[in-house]
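Per-entry structural report
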2 protein chains.
Amino acid sequence: MKVEMGRPIGDLAADAVDVDSEDEEEEAAAAERRRRITAAAGGDGEEELLVPPLNFAMVDNGVFRSGFPDTSNFKFLKTLGLRSIICLCPEAYPEANEEFLKSNGIRLFQFGIEGCKFLSSDIRDCHVQEPFVNIPEETIREALKVVLDVRNHPILIHCKRGKHRTGCLVGCLRKLQRWCLSSVFDEYQRFAAAKARVSDQRFMEKFDISSSKHLSTTFSCSKR
Amino acid sequence: MKVEMGRPIGDLAADAVDVDSEDEEEEAAAAERRRRITAAAGGDGEEELLVPPLNFAMVDNGVFRSGFPDTSNFKFLKTLGLRSIICLCPEAYPEANEEFLKSNGIRLFQFGIEGCKFLSSDIRDCHVQEPFVNIPEETIREALKVVLDVRNHPILIHCKRGKHRTGCLVGCLRKLQRWCLSSVFDEYQRFAAAKARVSDQRFMEKFDISSSKHLSTTFSCSKR
């Protein structure tokens with residue numbers, strides 16, 4: 001599932017329907033406000049402020065998570081000294097982001113996971129039931145291997161909003177770190193908020209770490 | 001304002017009224033569920049699970065945040081290899097926690113900040129207006145110095161619920177790290193959720209970092 005920089009995995013994404021359009025408008029407005037604040041700070045001759053991507057947070061030493069970074073976030077991302085980025089969206093990586101990766105020597109690992117299982121023909125149903133997304137287990141396992149490999153650190157994990165796909169990957173990492181399920185869900189919900197999905201939580205609950213336990217010993221908050 | 005292990009700052013706390021009793025009940029129930037899960041995992045002969053404190057997160061390299069840790073969290077806290085803890089509550093540190101600090105060689109910095117400005121005589125008003133808390137600026141400045149001193153790392157910042165007092169201290173740290181205000185508030189709200197306070201956000205907005213800028217250069221995500 002690993003692809004090189006900017007190569008999209010199929011074109012299924014074009015058919016995917018996003019059910020969160022109101023949410024997106026809110027987020028676009030918030031992004032615009034942040035851009036204005038940053039511009040204003042620069043315009044006043046003050047030191048320019050940094051704008052972390054939406055839902056940005058540190059997961060563990062050398063591991064970060066966020067929503068999709070845009071150009072306003074590049075200056076901030078530079079401060080992290082990233083070596084790699086895991087993108088969990090199937091769409092082609094935007095040209096500006098590709099350019100940023102190239103000029104900073106950052107490797108892209110793209111693991112395309114659909115954000116919503118509904119295809120355009122299902123749009124009528126989108127508002128009457130929770131969007132159930134099949135998070136593909138094998139893809140998450142492959143992505144986990146990349147996260148656990150310290151040669152890829154510092155690494156940023158992102159999807160579109162940093163809630164569901166990123167939340168599931170980080171949740172599986174927490175299971176490997178032996179966090180109890182309540183704490184895994186607590187963290188997932190902090191980022192997903194009103195958009196938390198039972199199906200995501202069920203995925204994390206079922207995710208079997210018994211075959212991956214040997215990986216967890218090489219990576220932990222305690223190994224500083 | 002810095003006190004040594006276990007010495008409470010005054011007894012004002014006894015008069016403070018907590019307006020979030022429902023919230024507390026919910027949290028106590030969640031803690032109990034987590035304790036049961038952990039106990040069950042141990043009882044089955046499986047490897048015991050780790051239980052991070054409520055609202056636990058990594059802030060930056062060597063800096064963590066959370067709500068008040070209890071005995072169920074000690075095993076997890078051990079994995080962080082903490083050198084220090086900043087407690088922002090004015091109450092005496094619980095005996096079990098003191099014992100944990102002693103046996104793990106962890107230094108306690110206590111900066112007592114009231115969680116709610118209402119005293120018992122004000123209880124009638126508590127439900128009709130937002131609890132306005134005067135976060136004492138000088139105390140936050142002193143606590144920030146401790147956070148920024150890498151000799152104290154790894155360090156855990158906590159208050160009672162890891163929302164307001166911890167949120168303000170972390171927010172001021174983010175300003176020093178040149179985060180734009182929107183991102184500072186976004187992070188604060190992720191932890192405070194429905195309990196977010198305008199007064200806390202106003203405190204962070206007004207917090208002047210111009211005299212502390214020299215400190216920020218020694219500490220950042222980018223200095224790994």
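Residues numbered from 1 in each chain as written. Chains lettered and ligands numbered in written order. Predicted model: local features only at pLDDT ≥ 70, side-chain atom pairs only at ≥ 80, totals over all residues. Heavy atoms only, no water.

Another point: the overall build of chain A. For chain A, the count of helices and strands is eight helices and five strands. When the helices and strands of chain A are placed in sequence order, the string is α-β-β-α-β-α-β-α-β-α-α-α-α. In chain A, which comprises 224 residues, the share counted as buried stands at 53%. Put simply, of all contacts in chain A between residues at least 6 apart along the chain, 69% involve residues at least 24 apart. (Helix = DSSP H or I, 4+ residues; strand = E, 2+ residues; numbered from the N terminus. Buried < 20%, exposed > 50% of the residue type's maximum accessible area, 1.4 Å probe, protein only. Contact = heavy atoms within 4.5 Å.)

On to the nonpolar core, then. Judged by nonpolar contacts, the single largest core of 100 residues is most densely connected at Ile86 and Leu169 of chain A together with Ile86 and Leu169 of chain B. If sequence neighbours within four positions are ignored, leucine 169 of chain A has contacts with Ile86, Leu88, Ile140, Ala143, Leu144, Val147 and Ile157 of chain A. (Core = buried A, V, L, I, M, F, W, Y, C linked by side-chain atoms within 4.5 Å.)

Within an α-helix, residues lying three or four positions from one another point in the same direction, as the helix has 3.6 residues per turn. All names here are of chain B. Under the 1.5 Å per step criterion, the end-to-end length of helix α6 (residues 181–192) is 16 Å for 12 residues, consistent within 8% with the ideal 16 Å. Along α6, the residues classified as buried are Ser183, Val184, Phe185, Glu187, Tyr188, Arg190, Phe191 and Ala192. Positive backbone phi, approximately 45°, marks alanine 193, located one or two places after α6. (Expected span 1.5 Å × (residues − 1).)

Turning next to the pattern of salt bridges. Residues and elements named next belong to chain B. Applying the stated criterion to the full structure yields 14 salt bridges over all chains. Residues glutamate 142 and lysine 145 are paired through a salt bridge, measuring 3.3 Å at the closest nitrogen-oxygen approach. In this pair, glutamate 142 and lysine 145 are both assigned in helix α4 (residues 137–148), three residues apart and thus about one turn of the helix distant. Measuring nitrogen to oxygen at the nearest pair gives 2.8 Å for the salt bridge that ties arginine 174 to glutamate 187. Of this pair, arginine 174 sits in helix α5 (residues 165–176) while glutamate 187 sits in helix α6, and the two are 13 residues apart along the sequence. Pair check on accessibility: arginine 174 and glutamate 187 agree, each one buried. (Salt bridge = Lys/Arg side-chain N within 4 Å of Asp/Glu carboxyl O.)

In this structure, arginine 190 of chain A sits in helix α6 (residues 181–192). When sequence neighbours within four positions are dropped, the list of residues in contact with arginine 190 of chain A reads Asn55, Phe56, Ala57, Arg190 and Phe191 of chain B.

All names here are of chain B. Where α4 contacts α5, the axes come no closer than 10 Å and their chain directions differ by 65°. The angle between α4 and α5 places the two elements in the roughly perpendicular class. α4 and α5 meet at a crossing whose hand is right-handed. Along its contact with α4, which presents Ile140, Ala143, Leu144, Val147 and Leu148, the element α5 presents Leu169, Cys172, Leu173 and Leu176. Grouping the constituent residues of the contact of α4 with α5 by class yields nine nonpolar, no polar and no charged. (Axes fitted to C-alpha atoms, helices over the stretch in contact; angles between N-to-C directions. Parallel < 35°, antiparallel > 145°, perpendicular 65-115°, else oblique. Left-handed = near helix turned anticlockwise from the far one by under 90°. Nonpolar A, V, L, I, M, F, W, Y, C, P; charged D, E, K, R; others polar.)

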